[in-house]
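Next come the chains, spelled out residue by residue.
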Amino acid sequence: MLFLTLFKESFLFAVQALVTNKLRSFLSLLGITIGIFAIISVFTMTDSLEKKLRDSVKSMGDDVIYVQKWPWTFGPDYPWWKYMNRPVSSISELNEIQKQSQKSEAACFSISTPFTVKYKSSSVENANIICASHDYYTVKTFEVGEGRYFSEMESATGRPIAIIGNTIAEGLFPQEDPIGKIITVKGSKIIVIGVFKREGESMLGNSMDAAVVIPINFARNLVDLRSDRIDPTIRVKARPGISNEELKDELTGIMRGIRKLKPIEEDNFALNQTSMLSTQFDGLFSIVGIAGWIIGGFSILVGGFGIANIMFVSVKERTNLIGIQKSLGAKNYFILLQFLAEAVMLSVIGGTFGLLLIYGGTFIVEAAMDMNINLTKSNIILGLTISALIGVVSGFVPAYNASQLDPVEAIRTN
Amino acid sequence: MEVIRNRPIILTIICIIGIMWSLGSFVFVFSPTIKKISDWAPAIYGTMVALQFISFIGIWHMKRWGVMICISAFFAKIIFSLVVQDIAYVEIGLSIIFTVFFLIFYRRMDEEL
């Protein structure tokens, strides 16, 4: 109880000292503010970007294998010329995979190509036209907000129907209900039967907001399905409980069989998966994180030296006061706590200002970049605890020196 | 009567190394590796580093509490490294050597704050 009373008294002394020297306190806490601002803003940005990227990767399906001509990642000695002559994936290969695969839940064939979509006098340029086989809805993660998905019959017969993204719907039908309206893609009339739920911008460009999905059997009239430029892809989703590696092993066997590859021949297809992208991003974000850590770490250390310096000045200034306190019976730890509390308060106030600056900054960046940026709980905890600890480290030596002063000598000091 | 406790030269060297080491370690509080462990991991690691720094200041002033805090911080760091499965053998080795020297001179140190 006595300790708590003394602690409270030390705290009040510290508050009084800070209030008395407002400008000095402000200038000394500025170092910590800048340090915390530097480090936590880097962490906030990288965390937000990482989350956004991971969400984008997740929406592609982490249990989906993409059978394509080109691999997604290459080593430094990448023999690109080897890949040039590879055949592209085809619908007949999809049919074989569907027939032979035991470990897949669903598979679909899709291509994507940019086209202008028109409705009356309105048009949307470079809309992402996705031509997909029926099981696309099982393999890809999306939600149809209004209307419906294609029926199996519609997919098989290649009916001219489409599900459009939210951005396309807003662009073409600002005042109307898009369902049942007829849009034009490359001169072909297509009936809108559904609108995707808004997803927001994707960092990988795979958001359904700017997409128009049409049945692949209808798309035969619009595009050459064997063209290398449209990147024909077979997406295969693993059954629950089947790992991607197991599915890849099975698909390798099936694809080699379909393409009649001899045992000595290399695969002439790539089996891609989203973890390949995640691994690349891990490397990128760890570099950004390390850069932020080094820059912020040192700036906060410099801020700590600023606090230590001001605390030494503070002790020097109040030496005779310390002498009087000690001669009236103040214990060493009381003096120590008093100065330590002052240093910690300075530091925490500085850190809080830094966090508030970041919090304000997130709104500005969100408005400017149309991106969701969150100052997370973990970064707030990090910012506050680190500022408190910097206060302890930088304030301990001056506080300890103050606590060790001889009362008689201290009172005599001018 | 004031008792003057001279600090042995070896303790001076250890304290200088220790203080530099603690300040250097403080930067690692922000390391992405530690941040990934949990929300509170940087705070816990930072507290241990701060305790280590304080302990070296105590030892510099030939105080027994410095040795006690140093040993406590050393064990706390070992437990932390075991939990996160990232054992720094060099750090443990150095800490053991330092602790041995601190214990040799423990009797010459002051009990008071």
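Predicted model only: the values in this text are computed from it and were never measured. Per chain, residues are indexed from 1 in the order of the written sequence. Both sets of labels track the order of writing: A upward for chains, 1 upward for ligands. Local features in a predicted model are, by the rule used here, given only for residues with pLDDT of at least 70; side-chain atom pairs are given and counted only at 80 or more, and totals for whole chains, interfaces and linings are based on all residues. The basis for every side-chain value is the complete set of non-hydrogen atoms in the structure, without hydrogens or water.

### Focus: the domain arrangement of chain A
All names here are of chain A. Quick reminder of the rule: Throughout the structure description, domain borders are defined by an automatic or database domain assignment. When checking whether two residues touch, look at their non-hydrogen atoms; a contact exists if any pair is within 4.5 Å. Accessible area that two parts lose when put together, with a 1.4 Å probe and added across both, is what the buried area reports.
Parsing chain A into structural domains produces domain 1 (2–56 + 279–412) and domain 2 (87–268). Taking only C-alpha atoms, the centre of domain 1 and the centre of domain 2 are 54 Å apart. Contacts between domain 1 and domain 2 engage six residues on the former and five residues on the latter. Between domain 1 and domain 2, roughly 520 Å² of surface is buried when both sides are summed, and carbon and sulfur atoms account for 63% of that area.

### Details of unusual backbone geometry
Residue and element names in this part refer to chain A. Cut-off, in case you're wondering: Helix and strand definitions here come from DSSP, where helices need a minimum of 4 consecutive H or I residues and strands a minimum of 2 consecutive E residues; each element is numbered from the N-terminal end. A 1.4 Å probe rolled over the protein chains alone gives each residue an accessible area, and that area as a share of the maximum for its type sets the label: buried under 20%, exposed over 50%, partly exposed in between.
The phi dihedral of Asn126 is positive, around 55°, even though this residue is not glycine. For Asn126, the position within the fold is in strand 3 (residues 122–132). Since its relative accessible area comes to 60%, Asn126 is described here as exposed. In this structure, Lys186 is a non-glycine residue whose phi angle is positive, near 50°. Considering the arrangement of structural elements, one finds Lys186 in the loop between strand 6 (182–185) and strand 7 (188–196). Using a relative accessible area of 52% as the deciding quantity, one classes Lys186 as exposed.

### Looking at the pairing of strand 1 (residues 64–68) of chain A
Residues and elements named next belong to chain A. For clarity, the cut-off: At least two DSSP bridges between two strands are needed for those strands to be called paired.
In terms of burial, strand 1 is a largely internal element, five of the five residues being buried. Residue alternation in strand 1 divides its side chains into two sets, Val64, Tyr66 and Gln68 and Ile65 and Val67, and both sets are buried. Bridge count between strand 1 and strand 9 (residues 233–238): four bridges; the pairing is antiparallel. Among the inter-strand pairings, Val67 is bridged to a residue of strand 9, identified as Ile234. Where strand 1 and strand 10 (residues 270–273) come together, four bridges link them in antiparallel fashion. Bridged to Gln68 within strand 10 is Ala270.

### Examining the packing of aromatic side chains
When we look at a pair of aromatic rings, we describe it by the centre distance and by the angle of the planes. For clarity, the cut-off: For Phe, Tyr and Trp, rings pair up if their centres lie within 6.5 Å, where Trp contributes its six-membered ring, and each pair is then called stacked (planes under 30 degrees apart), edge-to-face (over 60) or tilted (otherwise). Should the NZ of a Lys or the CZ of an Arg lie within 6 Å of a ring centre and within 35 degrees of the ring normal, that charge is described as sitting over the ring.
Inspection of every chain in the model, using the stated rule, returns 18 aromatic pairs over all chains. Taking the centre distance of 6.4 Å and the plane angle of 50° together, the rings of Phe98(B) and Phe102(B) count as tilted. Within this pair, Phe98(B) and its partner Phe102(B) are both found in helix 5 (residues 89–104), separated by four residues, close to a single helical turn. Here Phe102(B) falls in the buried class, since its relative accessible area comes to 0%. For Arg7(B), the ring lying beneath its charged end belongs to Trp60(B), and the centroid distance is 3.7 Å. Over the ring of Phe43(A) we find Lys35(B), and its NZ or CZ is 4.6 Å from the ring centre.

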